[in-house]
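# Structure at a glance
The lines below spell out each chain.
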Amino acid sequence: MSSDTLLVVLVAIVMVIGVAGTILPILPGLWLIWAAALAYGLFGGFGVAGWIGTTLITALAVAGTASGVYLP
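Computed from a predicted model, the values in this text were never measured in an experiment. (Residues numbered from 1 in each chain as written. Predicted model: local features only at pLDDT ≥ 70, side-chain atom pairs only at ≥ 80, totals over all residues. Heavy atoms only, no water.)

## Topic: the overall build of the protein
Let me state the cut-off plainly: Strands are runs of DSSP state E lasting at least 2 residues, helices are runs of H or I lasting at least 4, and numbering of each runs from the N terminus. A simple rule labels every residue: compare its accessible area, found with a 1.4 Å probe on the protein chains alone, to the largest value its type can have, and call it buried under 20%, exposed over 50%, or partly exposed in between. Contacts between residues were defined by any pair of non-hydrogen atoms, one from each residue, lying within 4.5 Å. Exposure was quantified through the Shrake-Rupley algorithm and a 1.4 Å probe, taking into account, for residues, occlusion by the shown protein chains and nothing else.
If you tally the helices and strands in the protein, you get three helices and zero strands. Overall, the protein shows an N-to-C arrangement of helices and strands of α-α-α. Out of the 72 residues in the protein, the part that is buried amounts to 15%. Within the protein, counting contacts between residues at least 6 apart in sequence, those at least 24 apart form 43% of the total. By element, 80% of the accessible surface of the protein is carried by carbon and sulfur atoms, the whole surface being about 5,100 Å².

## A closer look at the packing of helix H2 (residues 29-44) against helix H3 (residues 48-70)
Basically, it comes down to this: Angles here are taken between N-to-C directions and fall from 0 to 180 degrees, while the axes themselves are lines fitted to C-alpha atoms, restricted in helices to the stretch in contact. Between 65 and 115 degrees an angle is taken as roughly perpendicular, under 35 as roughly parallel, over 145 as roughly antiparallel, and anywhere else as oblique. Any residue outside Ala, Val, Leu, Ile, Met, Phe, Trp, Tyr, Cys, Pro, Asp, Glu, Lys and Arg is labelled polar, Gly included; the first ten of those are nonpolar and the last four are charged.
Between H2 and H3, the least distance of the axes is 10 Å, while the angle of their chain directions is 170°. When the interaxial angle is binned, H2 and H3 end up roughly antiparallel. On H3, the residues that touch Leu30, Trp31, Ile33, Trp34, Ala37 and Leu38 of H2 are Thr54, Ile57, Thr58, Ala61, Val62, Gly64 and Thr65. Classifying every residue of the contact of H2 with H3 gives nine nonpolar, four polar and no charged.

## Section: the packing of helix H1 (residues 3-21) against H2
To be explicit about the condition: Rotating anticlockwise by less than a right angle from the far helix to the near helix defines a left-handed crossing, while the corresponding clockwise rotation defines a right-handed one.
Axis separation between H1 and H2 bottoms out at 7 Å; the angle between their running directions is 165°. As judged from the angle between their axes, H1 and H2 are roughly antiparallel. In terms of crossing hand, the pair formed by H1 and H2 is left-handed. Facing H1, whose interface residues are Leu7, Val8, Val11, Val14, Met15, Ile17, Gly18, Val19 and Gly21, H2 presents Gly29, Leu32, Ile33, Ala36, Ala37, Tyr40, Phe43 and Gly44. In terms of residue class, the contact of H1 with H2 is made up of 13 nonpolar, four polar and no charged.

## Thoughts on a nonpolar patch on the surface
Formally: Patch members must show over 30% relative accessible area and no salt bridge, and they are joined within 9 Å when carrying like charges or within 5 Å when they are nonpolar side chains of Val, Leu, Ile, Met, Phe, Trp or Tyr. In the sections that follow, a salt bridge refers to a side-chain nitrogen of Lys or Arg positioned within 4 Å of a carboxyl oxygen of Asp or Glu.
Side chains of Met1, Leu6, Val9, Leu10, Ile13, Ile17, Ile23, Leu24, Ile26 and Leu27 sit close together on the surface and give an oily, nonpolar patch of about 1,000 Å² of accessible area. Within the secondary structure layout, Met1 lies in the segment before H1.

## Some details on the packing of aromatic side chains
Let me state the cut-off plainly: Ring pairs are drawn from Phe, Tyr and Trp, using the six-membered ring of Trp, whenever the two centres fall within 6.5 Å, and their geometry is named by plane angle: stacked under 30 degrees, edge-to-face over 60, tilted for the rest.
Under the definition given, this model contains two aromatic pairs. Where Trp31 meets Trp34, the ring centres are 5.5 Å apart and the plane angle is 75°; that geometry is what we call edge-to-face. Taken together, the positions of Trp31 and Trp34, both in helix H2 and three residues apart, correspond to about one turn of that helix. Judged by its relative accessible area of 35%, Trp31 is partly exposed. Between the aromatic rings of Phe46 and Trp51, the centroid separation amounts to 4.2 Å while the plane-to-plane angle is 25°, which identifies the pairing as stacked. Exposure remark for Phe46: the relative accessible area of 23% places this residue in the partly exposed category.

Next comes the structure, spelled out in structure tokens:
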């Protein structure tokens, strides 16, 4: 297995755990997914699309956290 494949598999596993964390209140789901995406960009290399995607996922994470605080 190459290092790129291993990175993708590890990030996917962490993101699946993060998705489970959106249902289970024990895990910080949204920020775990964000951290996995950021780690992938840092270790895999950002391109122009990577920076746009990171900006988008950061905005969604902030909006999701804010809505989780203000809506209930």
